[in-house]
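# Structural overview
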Amino acid sequence: MQDLFVSGITFRSATAQDSADLALLGDMATRRLYSYLWSQTAAPGQSAFEFGRSIIRNNPEHLSWFGNWRVAERDGVLAGALNSYLMPAPSPSDAAVPDVLKGLNDLKAMIAGTWYIAAAALHPECQGQGYGEALLDEAEALARAAGNTRLTLMVGSFNQPARRLYLRCRFTEQAERPFTAFPGSDTPGTWILMAKDLC
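Only a predicted model underlies this, so the values are computations on that prediction, with no experimental measurement involved. (Residues numbered from 1 in each chain as written. Predicted model: local features only at pLDDT ≥ 70, side-chain atom pairs only at ≥ 80, totals over all residues. Heavy atoms only, no water.)

### Quick look at helix 6 (residues 160–168)
Listed as buried for helix 6 are A162, R163, L165 and Y166. Burial along helix 6 is one-sided: seen end-on, the buried residues are contained in an arc of 160°. Along helix 6, the residues that are exposed and aim more than 90 degrees away from the buried face are P161 and R168. The secondary structure elements touched by the buried residues of helix 6 are helix 5 (131–145), strand 6 (150–156), strand 7 (172–179) and strand 8 (189–197). Phi turns positive, to about 75°, at R170, one or two residues after helix 6. (Buried < 20%, exposed > 50% of the residue type's maximum accessible area, 1.4 Å probe, protein only. Helix = DSSP H or I, 4+ residues; strand = E, 2+ residues; numbered from the N terminus. Arc of directions from axis to C-beta. Contact = heavy atoms within 4.5 Å.)

### Here we look at the pattern of salt bridges
Applying the stated criterion across every chain, the model contains 11 salt bridges. With a shortest N-O distance of 3.0 Å, K102 and D99 are connected by a salt bridge. Separated by three residues within a single helix, K102 and D99 lie in helix 4 (residues 99–108), roughly one turn from each other. Classification of K102 as partly exposed rests on a relative accessible area of 41%. In this structure, R150 engages D197 in a salt bridge whose closest nitrogen and oxygen atoms are separated by 2.5 Å. Of the two residues, R150 is situated in strand 6 and D197 in strand 8; the sequence distance between them amounts to 47 residues. What makes D197 partly exposed here is its relative accessible area of 48%. When salt bridges that share partners are traced, they join R12, D18 and E73 into one network. (Salt bridge = Lys/Arg side-chain N within 4 Å of Asp/Glu carboxyl O.)

### Describing the confidence of the model for the protein chain
Of the residues in the protein chain, 95% reach a pLDDT of 70 or more, and the chain-wide mean stands at 93. Low confidence marks residues 1–5, where pLDDT is under 50. Its contacts with residues over four positions away, or in another chain, come to 15 contacts. (pLDDT = per-residue confidence, 0-100.)

### A closer look at the nonpolar core
The biggest cluster of nonpolar side chains holds 37 residues, and the ones touching the most others in it are L22, L33, W38, Y116, M154 and W191. Once residues within four sequence positions are removed from consideration, L33 is found in contact with D27, V100, L101, L104, F182 and W191. I9, A79, W115 and A143 belong to the second-largest nonpolar core, a separate cluster that totals 27 residues. (Core = buried A, V, L, I, M, F, W, Y, C linked by side-chain atoms within 4.5 Å.)

### Section: the environment of D197
Residues D197 and R170, 27 residues apart in the sequence, show an inter-C-alpha distance of 8.9 Å. Other than its neighbours up to four places away in sequence, D197 contacts T149 and R150. Among the polar contacts made by the side chain of D197, one reaches the side chain of R150 at a distance of 2.5 Å. (Polar contact = N/O pair within 3.5 Å; in protein donor to acceptor, adjacent residues only side chain to side chain.)

### Observations regarding the packing of helix 5 against helix 6
Close contact between helix 5 and helix 6 brings their axes to 11 Å; oriented N to C, the two are set at 55°. When the interaxial angle is binned, helix 5 and helix 6 end up oblique. Here the hand of the crossing between helix 5 and helix 6 comes out right-handed. For the pair formed by helix 5 and helix 6, the contact residues are G132, E133 and L136 on the first element and L165, Y166 and R168 on the second. For the contact of helix 5 with helix 6, the residue count by class is three nonpolar, one polar and two charged. (Axes fitted to C-alpha atoms, helices over the stretch in contact; angles between N-to-C directions. Parallel < 35°, antiparallel > 145°, perpendicular 65-115°, else oblique. Left-handed = near helix turned anticlockwise from the far one by under 90°. Nonpolar A, V, L, I, M, F, W, Y, C, P; charged D, E, K, R; others polar.)

See the structure below:
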């Protein structure tokens, strides 16, 4: 996809050199869920972010691989990023998942074949300037380029600023599942599946 200029930022495909920023932004977007999961799998003495960066940089089979990201830059400086892709059908191995993922996976099973926004985040200094809408516009452009007419995402009921943004951008709430808290997470609530039809 060509680089685009939207609302004062440009978009480009992510590269392996962006992996540290992508790990941080992915963790921000998932409200620390990524780093919690990475910490459960990292080797003794290995930091969660070292492990996560390695997955994003080196594992093209993983959905968080850098090839599934678009980077937003402002004045040549990385401002944020978007991780989105065609949601695959659930596999039998998805049944053996940690408790913190069960609600999410239940919702994901409903949206196979849609264009899924797994993470969209901006560094704090770039928030509150309309760039969140630009990230969603970029996801819509990617979906259309892939011939897909339905955008989906998940948001926690506790993340009211993001929820308001998605509603403002014409996403509608489709279903909810319990959110299972983990050390350092938000308080318990629900995961909300939201969708937007592009026809």
